[in-house]
Amino acid sequence: MKTKWEVIVVGAGPAGMACAASCAEQGMGVLVLDEQPSPGGQIYRNIERQRDKVLAVLGQEYLRGAGLATRLRISGAEYKPLSKAWKVESNGRVCFSENGSSREVQGKRVVLAIGAMERPVPFSGWTLPGVAEAGGVDAFLKSDGLVPQGPVAIAGSGPIMLLVAGHLNKLGVEVNSFFDTTPSLSVLSALPHLLPALRRVDYLAKGVAMLMETRKSVGQYKRGVSHYEAVGAEHVTAVVAHKHGKATTVPASTLLVHEGIIPRTEFTRQLRLAHKWDGVQRYWYPDIDEDGRTSLPAIFVAGDSGFVHGGVAAELKGEITALAIAAELGKGGAFNEKRQKSLRKQLAHELLTRSFVDAMYSPRPNLSAVDDHVTVCRCEEVTAKTIRALVSSGQTAPEQVKAVSRCGMGPCQGRMCSSSLIEIMASETGKNAQDLPPLNVRPPVRNIGLGELANATLLPHNAAQKSSS
Amino acid sequence: MKKVDCIFIGGGLMGLASALFMARDGKKVLVLDKDCTGKHASGVNAGGVRSLKRDIAELPYIHGALAMWHNMEKIVGSDCGFYQTGYLIAAEDDQAMRELEQRAAQTRELGYDNEMLIGRDRLRELAPIVREHCVGGIMSVKDGHASPAETCRAFHAALVGAGGVVHNHCEVVGIDPGENGFCVHTTSQGKLYAEQVVNCAGAWAGKLAHMIGDTLPVEPVGASVLVTARMPRLLHPFVAVQGRKLWFNQARNGTLLICGGYLADVDMEKGLTRMNFHELQACAKVAYDLFAVTDDITIVRSWAGLDGETPDHFPIIGYSNKVPGLFHVCGFSKHGFALSPMVGQVVSALLQGKKPEVGIAGFEVERFDRVSDLVASNPIPHENCGNLSNYK
Amino acid sequence: MFIPVDQFEDRNVTITIDKQEFQVPEGISVAAAILGHGGHADCRCSFVHGEKRAPFCFIGVCHECLVEIDGKPNQQACLVLVRDGMHIVKQQVKEG
Ligand SMILES: Cc1cc2nc3c(=O)[nH]c(=O)nc-3n(C[C@H](O)[C@H](O)[C@H](O)COP(=O)(O)OP(=O)(O)OC[C@H]3O[C@@H](n4cnc5c(N)ncnc54)[C@H](O)[C@@H]3O)c2cc1C
Ligand code: FES
């Protein structure tokens, strides 16, 4: 395999696929790395060989990915599935692990298109088997043709919940309760954003239809739920929803949760790039320009890992980044400027509803109101109580709390707990979450074997170029 | 602003411990840190408390310190996560074994009886993961492992409890020596006054000395550690192999810490380290050579920290010979964590004009005046520590 | 526990989960084999308290799906595909 590439794209979701295909079509040597077995990312997962029954449920929007995947396949880009990137350097070097062995490759440009993840929000019982993230279970359905065993309860907030409920319902899974935690006040704060959103009536109408359908199809639909719990000894057996201080208990074999989507920033943080805080959706996102450029000339970010805007926008952003890179590397064709303009227009149109939806489904205000006994760090089993005790004993920096409590030190490398750690610390100290420095990310950003590291093929150390770990 | 007895610049363990013991003697002390206490070397090191094969010059310190580590609960109200693991160095062949025998004889002669030779069978028993070719080794049972973060937290809390004051996010940007002590200029606390000033600024000690018109041969150095996923219990002691650059230990929680003085890239402009995977790969290769289970080992994370290093890898402890009233405690060259409680006691005594429990002969800064040009061109070889003390 | 949406006809890959043999369809993930075909509801025990844990995110971030595959621990079941002859063991590493 070649070591040097013009463009290395990490992630083969809509942004990565569009970016890689476009770059390759313009004559650049492109390498695409993705840890999934086939292109598509989370939204179009397994698009190339989907089961008919699942396809029928996922519908038109999912099919959009088929064109993209085909485009990637024939573009001439080298696509490597089941390949996990675990280090990105500021000079465009990427280390990745494939089938238990690691190597380093060099790109003139690296595009980070690693997408987003569901916001992990701890609650009592969330570590029990049978509790899972709703969007993740939908992805599991796409890749493996499996649905959770009913009765299923769904809890949380956000459009994805409705979507998943719809999919399961159509596949005959018993969804007996739907606990919506979207604060009713959100509607008010979303109103100012309604006007631009109205230009996408199609989108809004779809949302309303989805909501109506879900309400009809699920056993019980409860609005205004403040928080929820999973109950069980070795597996979830029931779910408790709290509303106005009153608790409702329903039997459940599965609890699916969803609390919105946040960008995956592990590489931009590993590179110590500047990040900005989004006060509405409460997450950090890398500081990039409209082409996805970061402050490092070799590093670009495309798609939801730059800011969560959804699949169609991600595709457009990937394409926009590709054109910007083509221009920088002197590959752009005569029409690129025009294309860029039209893509920007399409993206703007796509984003019309976004502020409305973001405001409508902003995270509930009690994210940090986790009971003391609740495990915050799933890997190291650190409770909210431990974190609070450390804060009150004078530990005011998240890194300090991590070092003493081991919160964030396990195999997931803090992915599941760092945002809640910050939220809890913020509320304990009375600070704003954005004033607490997020946890450091050091490579390997993915777990690798010791033997694998010993035998990895690394590029010679270039002393002149500072590594960025 | 009232004048204090002593200002410690640097809230690592050297500063915290020295200030703590002085505060307990009723002195007014201030600890300043540009970041926060324990942010650098003292809070992020590998936690190794080793007397085994420590340099002869440091033996009085480490033995004093060991006694303290075993008694931390009483000293600072927390065990600092210290527990006895023992340290073990294996020999790969007879030649290496002979070197270890010589070392054991040497320390015994000096009156220390903690270093014991062990045979092949005992080695197998204590560290079954060491590859089969190893013939024996040397061991010190009293040594152990502590939690650096918890140690810093506990010393900070104890210091505050003893009446000391700590200012975090308070960078020292200038120091004026005067007739009656020092005026220290800071970013967040304005001017502060003290009778004496202690430079315990770790990786920044050279820079700080320069600020006061002194020179110190202390350079920043980045050291790195690999950490694995939890594993079933494989070994209790810290294990090294004679002549190889590697330390290996399994923490109480089951994770392995693998290090050996492998360097991280240093960016002093931003005051941070970046992992250097050529170094970490070298580390992994040695581990792969020497330990039998390496295929099962999963690396979960890596980290690095900044320490200050001197040309001969010995610390600098003592008054400046250029600026009266200025005291240096720095240059611990990647192995100061274990010594820190004892260093604190010694420094506190010296600052109060008392006779310390152990002397500082060999650690004074003057040694570099005498050999300064020699050092610059030709670093002193490090005979006694058998090249291990600068790994840790 | 998970249930297949289809009757899979081509169960032509043989694996073992905790020493028990299963025939599963080609191309599915190890997580799917455990949860959907192996009759298990969990895949490992937690490090500190030994609680049962199961895949949570299904996209490779939570590391709750760690299993031992062919003797190698800490493999993410949601990101590895089954292979004929594969031995999967629910991971039981605990502190201490
Ligand atoms: C990765 C690693 C592993 C190690 N492993 C071991 C081990 O296993 N066993 C062992 O015994 N030793 C080990 N060491 C060495 C040990 O950690 C250090 O020698 C020791 O902690 C040094 O303590 P210190 O107080 O001198 O420095 P530090 O802890 O670095 O403290 C110095 C402080 O000074 C502050 N400062 C600097 N300039 C200013 C200024 N102008 N104004 C205000 N504040 C300032 C800094 O912010 C810093 O907090 C290791 C070191 C590292 C990096
Ligand atoms: S289920 Fe979350 S990483 Fe596999």
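Keep in mind that this is a model prediction, so the values were computed, not measured.

Caption draft 1: Structural detail: the overall build of chain B. When helices and strands are tallied, chain B shows eleven helices and 21 strands. Relative to its length of 392 residues, chain B is compact, with a C-alpha radius of gyration of 21 Å against a globular reference of 21 Å. When the 392 residues of chain B are sorted by exposure, 64% land in the buried category. Relative to all contacts within chain B whose residues are 6 or more apart in sequence, the contacts with residues 24 or more apart total 72%. Carbon and sulfur atoms make up 51% of the accessible area of chain B, which amounts to about 14200 Å² in all.

Caption draft 2: Up close: the interface of chain B and chain C. Of the residues lining the interface, ten residues belong to chain B; the matching set on chain C comes to nine residues. Here chain B and chain C share an interface that buries about 760 Å² over both sides, 52% of which is from carbon and sulfur atoms. Of all residues in chain B, the largest losses of buried area upon contact with chain C belong to R230, D296 and T298 of chain B, amounting jointly to 55% of the total for that side. Joining chain B to chain C, the criterion identifies zero salt bridges. Looking at side-chain class alone, the side of chain B that touches chain C contains three nonpolar, two polar and five charged residues.

Caption draft 3: Region of the structure containing the sheet that holds strand β4 (residues 83-84) of chain B. All names here are of chain B. Within the open sheet, the three strands sit side by side as β3-β8-β4. Their pairing is antiparallel. Single-partner strands in this sheet number two, and they are β3 (48-49) and β4. As defined by bridge partners, β4 adjoins strand β8 (residues 144-145) across two bridges and the pair is classed as antiparallel. Residue pairing for β8: Y83 is matched across the bridge by H145.

Caption draft 4: Representation of the environment of E428 of chain A. Residue and element names in this part refer to chain A. Tracing the backbone shows E428 in helix α14 (residues 418-429). Placed 39 residues apart in sequence, E428 and A389 show a C-alpha to C-alpha distance of 9.8 Å. Once residues within four sequence positions are removed from consideration, E428 is found in contact with R388 and V391.

Caption draft 5: Highlighting the domain arrangement of chain A. Residues and elements named next belong to chain A. On domain assignment, one finds that chain A holds domain 1 (4-117 + 262-332), domain 2 (120-259) and domain 3 (375-431). Each of domain 2 and domain 3 has a C-alpha centre, and the two are 27 Å apart. Taken together, the five residues of domain 2 in the interface contact seven residues of domain 3. Summing both partners gives a buried area of about 570 Å² for domain 2 against domain 3, and 58% of it is carried by carbon and sulfur. Summed over the shared surface of domain 2 and domain 3, the number is zero salt bridges. If you look at where domain 2 meets domain 3, you find two residue pairs in polar contact (both at pLDDT 80 or more). Classifying every residue of the side of domain 2 that touches domain 3 by side-chain character gives three nonpolar, one polar and one charged.

Caption draft 6: Representation of the nonpolar core within the structure. If you look at the biggest cluster of nonpolar residues, it comprises 81 residues, and the most contacted ones within it are V7, V30, V32 and L256 of chain A together with I15 and V30 of chain C. For this core, the domains that each give at least three residues are domain 1 (4-117 + 262-332) and domain 2 (120-259) of chain A. Among all residues touching V30 of chain A, those that are not within four sequence positions of it are W5, V7, V9, A20, C23, A24, A77 and E78 of chain A. Counting 54 residues, the second-largest nonpolar core is a separate cluster that includes V370, V376, C377 and M416 of chain A.

Caption draft 7: Region of interest: a negative patch on the surface. On the surface, a cluster of negative charge is made up of D93, D94, E99 and E101 of chain B. In this fold, D94 of chain B is placed in helix α5 (residues 94-109).

Caption draft 8: The pairing of strand β11 (residues 181-186) of chain B, seen in detail. Residues and elements named next belong to chain B. In terms of residue burial, β11 counts as a mostly covered element, since five of its six residues are buried. In terms of strand pairing, strand β10 (residues 172-178) meets β11 through six bridges, oriented antiparallel. Note that in β11 the partner of G178 across the bridge is G181. In textbook terms, the turn of a hairpin is the stretch between consecutive antiparallel strands, and for β10 and β11 this stretch comprises two residues. Summarising the sheet, β11 and strand β12 (residues 191-199) pair through four bridges and their orientation is antiparallel. Across the sheet, residue C183 finds its bridge partner in β12, namely Y193. In textbook terms, the turn of a hairpin is the stretch between consecutive antiparallel strands, and for β11 and β12 this stretch comprises four residues, one of which, G190, has a positive phi near 65°.

Caption draft 9: Quick peek at the site of ligand 1. All names here are of chain B. Around ligand 1 sit 39 residues, and of these D33, S42, G48, D307 and A338 come closest. Note that an oxygen atom of ligand 1 is positioned 2.5 Å from one of the side-chain N or O atoms of S42. The backbone of G48 places a nitrogen or oxygen atom 2.8 Å from a nitrogen atom of ligand 1. Bound to the protein, ligand 1 loses 98% of the 1000 Å² it would expose on its own. Counted by class, the shell around ligand 1 contains 19 nonpolar, twelve polar and eight charged residues.

Caption draft 10: Broad picture of the interface of chain A and chain C. Opposite the 46 residues of chain A that make contact, chain C presents 41 residues. For the pair chain A and chain C, the summed buried area comes to about 3800 Å², and 59% of that belongs to carbon and sulfur atoms. Per-residue buried area on chain A facing chain C is highest for F140, L146 and E381 of chain A; these three make up 16% of the total on that side. Summed over the shared surface of chain A and chain C, the result is two salt bridges. For R378 of chain A, the salt bridge goes to E64 of chain C, with nearest N and O atoms at 2.7 Å. Scanning the region where chain A abuts chain C turns up 16 residue pairs in polar contact (both at pLDDT 80 or more). Taken together, the elements giving at least two residues each to the side of chain A that touches chain C come down to α2 (52-75), β7 (116-118), β8 (131-133), α3 (134-144) and β9 (146-148) of chain A.

Caption draft 11: Layout of the confidence of the model for chain A. Averaged over every residue, the pLDDT of chain A is 92; residues scoring 70 or more account for 98%. Per-residue pLDDT stays below 50 along residues 464-469 of chain A; that stretch engages in 21 contacts with residues further than four places along the chain or on separate chains.

Thresholds, definitions, all that
Residues numbered from 1 in each chain as written. Chains lettered and ligands numbered in written order. Predicted model: local features only at pLDDT ≥ 70, side-chain atom pairs only at ≥ 80, totals over all residues. Heavy atoms only, no water. Helix = DSSP H or I, 4+ residues; strand = E, 2+ residues; numbered from the N terminus. Rg over C-alpha atoms; globule rule 2.2 N^0.38 Å. Buried < 20%, exposed > 50% of the residue type's maximum accessible area, 1.4 Å probe, protein only. Contact = heavy atoms within 4.5 Å. Areas by Shrake-Rupley, 256 points an atom, 1.4 Å probe, with all protein chains shown as cover. Buried area = accessible area lost by both parts, 1.4 Å probe. Salt bridge = Lys/Arg side-chain N within 4 Å of Asp/Glu carboxyl O. Nonpolar A, V, L, I, M, F, W, Y, C, P; charged D, E, K, R; others polar. Pairing = 2+ DSSP bridges. Domains from an automatic or database assignment. Polar contact = N/O pair within 3.5 Å; in protein donor to acceptor, adjacent residues only side chain to side chain. Core = buried A, V, L, I, M, F, W, Y, C linked by side-chain atoms within 4.5 Å. Patch = residues over 30% accessible without salt bridge, like charges linked within 9 Å, V, L, I, M, F, W, Y side chains within 5 Å. Lys, Arg positive; Asp, Glu negative; His and termini not counted. Charge placed at Lys NZ, Arg CZ, Asp CG, Glu CD. Near = heavy atom within 4 Å. pLDDT = per-residue confidence, 0-100.

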